[in-house]
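Survey of secondary and tertiary structure
Read off the chains here:
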Amino acid sequence: MERVDVAVVGGGPAGTAAAWTAAEHGANAVVIEKGVPRADRDGPGPDSTDAAGLLDYWIDIMEFGTEEIPEDVRLRDLDGADFIGPSESFQIDQTGIDASYPAFGVAFHRAKFDDWLREEAEAAGASYRIGDSVTDVETTIDGTHEHRILLSSGEEITATYLILADGPQRTITTDVLDQFTGDRKIADVLNPTKVNHIAYQEHRRVPEELYDPARLKFWWGIMPGHTAYPWVFPNDENIARIGLTMPIGLDIGDYNPDHWELLRRDDEQIPQGKVYIRRLLEREYPDYELDDFPLVEDRGKRGGTETYPISSTRPIESPTAAGIAVVGGAMGGTSAFHEGGDHVAVRTGKIAGRLAAQEHLEQYNSEWRDALDTEFLRNVTMAELVQDYQPSDWDRTFGAARTMFNRGEYSIGSTARAGLTGLKMLYGYKRTKSRFKNGNYIQFRESEYSV
Ligand SMILES: Cc1cc2nc3c(=O)[nH]c(=O)nc-3n(C[C@H](O)[C@H](O)[C@H](O)COP(=O)(O)OP(=O)(O)OC[C@H]3O[C@@H](n4cnc5c(N)ncnc54)[C@H](O)[C@@H]3O)c2cc1C
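Residues numbered from 1 in each chain as written. Predicted model: local features only at pLDDT ≥ 70, side-chain atom pairs only at ≥ 80, totals over all residues. Heavy atoms only, no water.

Take the packing of aromatic side chains next. For the coordinates displayed, the defined rule picks out 24 aromatic pairs. Between Trp20 and Phe64, the ring centres sit 6.2 Å apart and the planes meet at 25°, which makes this aromatic pair stacked. Of the two residues, Trp20 sits in helix H1 (residues 13-24) while Phe64 sits in the loop between helix H2 (56-61) and strand S4 (74-78), which places them 44 residues apart along the sequence. The class of Phe64 is buried, set by a relative accessible area of 4%. Taken together, the aromatic side chains of Phe83, Phe90, Phe218, Trp220, Tyr229, Trp231, Phe233, Tyr389, Trp394 and Phe398 make up a single cluster linked through ring pairs. (Phe/Tyr/Trp six-rings, centres within 6.5 Å; stacked < 30°, edge-to-face > 60°. Helix = DSSP H or I, 4+ residues; strand = E, 2+ residues; numbered from the N terminus. Buried < 20%, exposed > 50% of the residue type's maximum accessible area, 1.4 Å probe, protein only.)

As structure tokens, this is what we get:
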């Protein structure tokens, strides 16, 4: 049986970053990644959504220097983002948050990003086992802690520290944590069937005259459901990911098709992702046919398309006294509001890996909060604020935001110009935010575990 200091379940950005820093700090670390095929990667790799976006300040959150992310990982710099409602829209050209990166953000190749993190982790001395799944973990606590990790190959690994980085599906996390919970179960708090969203995306070549290579586009208020929205993310050449996020399990009967532009009166169920995308393209580009946006089939998971679970929830703390840290998407670190989560994944992974190597994992919950409190607070507040938004709410908000923020730049004078709606927006944001202050966005506290 192999024995290691730190075992990491899952080799996405969170798990790989954890193994990287654990090895850098002298620990014997192993990552176990089940491995999935992708058209744009040789051999199996982690379950990476393809090209993705990072905002300028997220790169600082990941503690990467401006030039540290290799050039072939970075596809292109971004200039800004467009938010489009049923009839109003507004644009931002800056995030408004101090950042070292010189552009608004960067579109990057997620599979290459994951591969780069893996190379760094291996160069630091960690091992990365691909093609084997963790099927179970048995934890013994007897003065100290030990984890017996069972693999689908029949092999076993014993580890002093366990880092759970199995992403939003939490194939292992839920059961491991629930051995330490009482009446309130992690399965209830983070249950994927209740709280998860689904993300669906297509890689399409966009006609040159329509293609905006440096802007992210998000549509809000045209499809039903909390934080349900389509988007376009530019990749390389004139290829974009055109996709959407939506909650699973919505009932079409709860929504008036006349209110939501991407619904039709004869819909008998909530449309599938591909139907929504077709309707989005028809709405935006009425003079074009779907064939004008050909699918790029040599990308993604299946013929140019990809479906992912996405965790729409709030973060939890870890039972560090058991020698366990939950990181990234598994801990509820991906924002329900804008889907961004690679920065949180890398940072929580880096903190957990280092602390496990230093045998100070008890500091993990307070360290990730110090590093990420502002980010979590902002994202959770935004997601909460738009909970019951109807199409007209999006229009009103975007109209006011356009007046209040001059392409991202805020001033008190312009808020006054936005009138009552602007003031209400500001007040609503502040009031909601104050509810989540002092870590109140955390769904499950360390003190609730019995270890
Ligand atoms: C469509 C989509 C678009 C997104 N766009 C962006 C974006 O633009 N910017 C951004 O910052 N974030 C984005 N995100 C969010 C980002 O992808 C996640 O926040 C990030 O992947 C979380 O990293 P992670 O390492 O925690 O989990 P994951 O990346 O989900 O990795 C978990 C890994 O664990 C492995 N695994 C699971 N169970 C086991 C097991 N039992 N044994 C072995 N291996 C296992 C899986 O195969 C997987 O590789 C997007 C997400 C989606 C779905």
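Once you've had a look at it, read on.
The next thing to look at is helix H3 (residues 110-123). With 14 residues, H3 ought to run about 20 Å at 1.5 Å a step, and its terminal C-alpha atoms sit 20 Å apart, in line with that. Regarding H3, the residues found buried are Arg110, Ala111, Phe113, Asp114, Trp116, Leu117 and Ala121. On its buried face, H3 sits against H1, strand S7 (105-108) and helix H8 (342-357). Directly after H3, the chain includes Gly125, whose backbone phi takes a positive value near 115°. (Expected span 1.5 Å × (residues − 1). Contact = heavy atoms within 4.5 Å.)

What follows is about helix H7 (residues 273-284). For H7, with twelve residues, the first-to-last C-alpha span of 17 Å sits near the 16 Å given by 1.5 Å per residue. Regarding H7, the residues found buried are Gly273, Tyr276, Ile277, Arg279, Leu280 and Leu281.

On to the pairing of strand S14 (residues 229-234), then. Taken across its six residues, S14 has six buried, putting it largely inside the fold. Neither face of S14 is left uncovered, since the one carrying Tyr229, Trp231 and Phe233 and the one carrying Pro230, Val232 and Pro234 both have all their residues buried. Alignment of strand S13 (residues 215-219) against S14, held across two bridges, turns out to be antiparallel. Paired with Lys217 across the strands is Val232, a residue of S14. Hairpin remark: S14 followed by strand S15 (residues 239-247), antiparallel, with four residues in the connecting loop; positive phi at Glu237, about 40°. (Pairing = 2+ DSSP bridges.)

Another point: the site of the ligand. Near the ligand you find 37 residues, and of these Glu33, Gly53, Arg110, Thr171 and Gly329 are the closest. Ala14 places a main-chain nitrogen or oxygen 2.9 Å from an oxygen atom of the ligand. Here an oxygen atom of the ligand and a backbone polar atom of Gly329 are 2.7 Å apart. Look at the ligand: alone it shows 990 Å² of surface, and the protein chains cover 95% of it. Going through the elements one at a time, H1, strand S2 (29-33), strand S3 (52-55), strand S12 (196-205), strand S16 (305-311) and H8 are the ones with two or more residues in the shell around the ligand. Domain assignment of the residues forming the shell around the ligand places at least three in each of domain 1 (2-77 + 98-193 + 313-380) and domain 2 (196-310). (Near = heavy atom within 4 Å. Polar contact = N/O pair within 3.5 Å; in protein donor to acceptor, adjacent residues only side chain to side chain. Areas by Shrake-Rupley, 256 points an atom, 1.4 Å probe, with all protein chains shown as cover. Domains from an automatic or database assignment.)

Summarising the element assignment, Gln269 is placed in the loop between S15 and H7. A relative accessible area of 54% means that Gln269 is categorised as exposed. As for Gln269 and Tyr200, which are separated by 69 residues in sequence, their C-alpha atoms are 17 Å apart.

This part covers the domain arrangement of the chain. Examined at the domain level, the chain breaks down into domain 1 (2-77 + 98-193 + 313-380), domain 2 (196-310) and domain 3 (388-435). On the domain 3 side, the residues contacting the five residues of domain 2 number six residues. When the two sides are added together, the surface that domain 2 and domain 3 hide from each other amounts to roughly 490 Å², 66% of it contributed by carbon and sulfur. When the area that domain 2 buries against domain 3 is broken down by residue, the three leading residues are Trp220, Gly221 and Trp260, summing to 72%. Seen at the junction of domain 2 and domain 3, the total is zero salt bridges. (Buried area = accessible area lost by both parts, 1.4 Å probe. Salt bridge = Lys/Arg side-chain N within 4 Å of Asp/Glu carboxyl O.)

Time to look at the pattern of salt bridges. Counted under the stated rule, the structure contains 31 salt bridges. Here Arg445 makes a salt bridge to Glu317, at a shortest N to O gap of 3.6 Å. In this pair, Arg445 sits in the segment after helix H12 (419-436) while Glu317 sits in the loop between S16 and strand S17 (324-326), placing the two residues 128 residues apart along the sequence. The exposure class assigned to Glu317 is buried, which follows from its relative accessible area of 8%. What emerges from the salt-bridge pattern is a single network uniting Glu2, Arg129, Asp132 and Glu155.

Further remarks concern the nonpolar core. Ranked by internal contacts, the top residues of the largest apolar core, which has 131 residues, are Phe64, Ile149 and Tyr364. It is H8 that contributes the most residues to this core, eight residues altogether. Aside from chain neighbours lying at most four places away, what touches Tyr364 is Ser318, Thr320, Ala325, Val326, Val327, Met331, Thr348, Ile351, Ala352 and Leu355. (Core = buried A, V, L, I, M, F, W, Y, C linked by side-chain atoms within 4.5 Å.)

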